[in-house]
Amino acid sequence: MGVLARYRERLPVTEHTPMVDLREGSTPLVPSRNIGPALGLERLYFKYEGLNPTGSFKDRGMVVAVAKAMEEGARVLVCASTGNTSASAAAYAASQRLRAIVVVPDGKIALNKLAQALMYGAKVVQIKGNFDAALSTVRDLAEHYPVALVNSVNPYRLEGQKTAAFEIVEELGEAPDYLMLPVGNAGNITAYWKGFKEELAAGHSRQLPRMVGAQAEGAAPIVRGRPVEKPKTVASAIEIGNPASWEGATSARDESGGAIEAVSDTEILQAQIRLASSEGLFAEPASVAPLALLVRLVQEGRIQRDSTTVIVLTGSGLKDPEAALANVEPPIQLDGDARSLAKALKL
Ligand code: AN7
């Protein structure tokens, strides 16, 4: 069952809303086997959003945005994207036989995200400049032409994305003490905060989590308190200099008593390998920024050992093989038999 069916009562679903569905959501909350214990944390979980149909959390919100756009009569979807939104928009458009136009910053999105958008049949436009320029272009387009904008400035996206908070509360029996996630355009932190507040109001949880966001040092406008003109990071998904939901992110941080901090590209890539090689979970660079931040918070004694922490792994590691492959030993080359294989492996 997809997000619209599972959470129909808590989403803006009417009798006229088409039940768009790629079986998104309902992703696993995986308990840490090794990193949590190594850090001395009793309860650390990973919300593995890479298992959504297009490999990222974007599907939760996209399904709602697309359904509402169709309900309102739209036939053409448009978005700007650092990659994952474009893949998601393209997939839902394909399933509903709509047109999708995705505008991406030239040369700045991960290869497999581009492959997805093209395979799902979207019209892909690469523009010079960064994500922020692409977003302002499509906002302008949507104001003047009959196309539905499905970026997270579309409130239906955030409605769908809040359902991840519902799932976490349902599984844990209450909200965690800390919810950690990467912050790019800042829609997701805004959506989770809304979701947790709704869970509190519904009596499903007695507490709210502290919301802890991670940005990359080279793209940390919210941490610095001003837009970054030329954002730069290995975590291309969050290479964003002027987040659309800035206000939502700072409200989530301040109301929850949380934090938004920056981590370096080196810390991000170290965290990516650590997660993959010690937990068996492969997440893209943006997704492991909060893990890098957690390591630092533990070192600084800012997280209690007996607290419950959930890290949202927003996208699959399969999205961006190039970023990952640059940091591991290449395969052993061998032309020989078992004996020479054993020798090469020092068995
Ligand atoms: C894996 O696809 O902005 O703070 O255009 O792909 O809600 O923007 C992606 C963002 C985190 C940041 N992790 O979420 C896009 C896009 C992954 C992402 C984020 C993104 P927001």
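Residues numbered from 1 in each chain as written. Predicted model: local features only at pLDDT ≥ 70, side-chain atom pairs only at ≥ 80, totals over all residues. Heavy atoms only, no water.

Scanning the protein chain from N- to C-terminus turns up 15 helices and 10 strands. Radius of gyration (C-alpha) of the protein chain: 20 Å, near the 20 Å computed for a compact globule of 347 residues. Projected onto its principal axes, the C-alpha coordinates of the protein chain cover approximately 65 × 50 × 40 Å. A sequence separation of at least 24 residues applies to 70% of the contacts in the protein chain between residues at least 6 apart. Accessible area for the protein chain stands at about 15,100 Å²; split by element, carbon and sulfur atoms hold 51% of it. Looking at the protein chain, you have 37 positive and 39 negative side-chain charges, and the mean spots of the two groups are 2 Å apart. (Helix = DSSP H or I, 4+ residues; strand = E, 2+ residues; numbered from the N terminus. Rg over C-alpha atoms; globule rule 2.2 N^0.38 Å. Contact = heavy atoms within 4.5 Å. Areas by Shrake-Rupley, 256 points an atom, 1.4 Å probe, with all protein chains shown as cover. Lys, Arg positive; Asp, Glu negative; His and termini not counted. Charge placed at Lys NZ, Arg CZ, Asp CG, Glu CD.)

With that settled, the discussion passes to helix α13 (residues 285-299). Relative to the 21 Å expected for 15 residues at 1.5 Å per residue, α13 spans 21 Å between its end C-alpha atoms, a close match to the ideal helical length. Where burial is concerned, most of α13 is hidden: 14 out of the 15 residues are buried. (Expected span 1.5 Å × (residues − 1). Buried < 20%, exposed > 50% of the residue type's maximum accessible area, 1.4 Å probe, protein only.)

The environment of the ligand is made up of 23 residues, and the closest members are Asn84, Thr85, Asn185, Ala186 and Thr314. Glycine 184 is positioned such that a nitrogen or oxygen atom in its backbone is 2.8 Å from an oxygen atom of the ligand. Protein burial of the ligand: of its 470 Å² of free accessible surface, 99% is covered by the chains. Along the lines of polarity and charge, the residues of the shell around the ligand split into 9 nonpolar, 12 polar and 2 charged. Residues lining the shell around the ligand come from more than one domain, with at least three contributed by each of domain 1 (3-56 + 156-325) and domain 2 (58-154). (Near = heavy atom within 4 Å. Polar contact = N/O pair within 3.5 Å; in protein donor to acceptor, adjacent residues only side chain to side chain. Nonpolar A, V, L, I, M, F, W, Y, C, P; charged D, E, K, R; others polar. Domains from an automatic or database assignment.)

Further remarks concern the domain arrangement of the protein chain. Entries for the protein chain in the domain assignment read domain 1 (3-56 + 156-325) and domain 2 (58-154). The distance between the C-alpha centroids of domain 1 and domain 2 comes to 22 Å. Each partner contributes to the interface: domain 1 provides 47 residues, whereas domain 2 provides 39 residues. Summed over both sides, the interface of domain 1 with domain 2 buries roughly 3,500 Å², with 53% coming from carbon and sulfur. (Buried area = accessible area lost by both parts, 1.4 Å probe.)

Moving on to the environment of aspartate 106. Looking at the secondary structure, you find aspartate 106 in the loop between β4 (99-105) and α5 (111-119). The class of aspartate 106 is partly exposed, set by a relative accessible area of 32%. C-alpha separation for the pair aspartate 106 and isoleucine 127, spaced 21 residues apart in sequence, amounts to 5.2 Å. The residues touching aspartate 106, leaving out its near neighbours within four places in the chain, are Gln126, Ile127, Lys128 and Gly129.

Turning our eyes to something else, we now look at helix α9 (residues 187-201). Here α9 is 15 residues long and its end C-alpha atoms lie 21 Å apart, about the 21 Å a rise of 1.5 Å per residue gives. Where α9 is concerned, the buried positions are Gly187, Asn188, Ile189, Thr190, Ala191, Tyr192, Trp193, Gly195, Phe196 and Glu199.

Mapping lysine 68 onto the fold places it in helix α3 (residues 58-71). Residues in contact with lysine 68, not counting those within four places in the same chain, are Pro12, Thr14, Thr17 and Tyr156.

Let us look at the sheet that holds strand β5 (residues 123-127). Strands sit in the order β5-β4-β3-β6 across an open sheet of 4 strands; the sheet is parallel. The strands lining the two open edges of the sheet, one partner per strand, are β5 and β6 (148-149). Relative to β6, strand β3 (residues 76-80) runs parallel, the two being bridged by 2 bridges. Bridge pairing in β6 places leucine 77 opposite alanine 148. (Pairing = 2+ DSSP bridges.)

This next bit is on the packing of α3 against helix α4 (residues 84-96). Where α3 contacts α4, the two axes come as close as 9 Å, and the packing angle between them is 45°. Classed by the angle they form, the pair α3 and α4 counts as oblique. Here α3 runs over α4; the crossing is right-handed. The residues of α4 that touch α3, namely those facing Lys58, Asp59, Met62, Val63, Val66 and Met70, are Asn84, Thr85, Ser88, Ala89, Tyr92 and Gln96. (Axes fitted to C-alpha atoms, helices over the stretch in contact; angles between N-to-C directions. Parallel < 35°, antiparallel > 145°, perpendicular 65-115°, else oblique. Left-handed = near helix turned anticlockwise from the far one by under 90°.)

As a further point, take the nonpolar core. Membership of the largest hydrophobic core comes to 33 residues, with the highest contact counts inside it found for Leu275, Leu294, Ile311 and Leu313. Of all the elements in the fold, those that place two or more residues in this core are α2 (35-39), β2 (43-48), β7 (178-182), β8 (210-216), α12 (265-279), α13 and β10 (308-313). Counting residues per element, this core draws most heavily on α13, which supplies 10 residues. The next biggest cluster of nonpolar side chains, apart from the first, holds 28 residues, and it includes Met62, Ala148, Val150 and Phe166. (Core = buried A, V, L, I, M, F, W, Y, C linked by side-chain atoms within 4.5 Å.)

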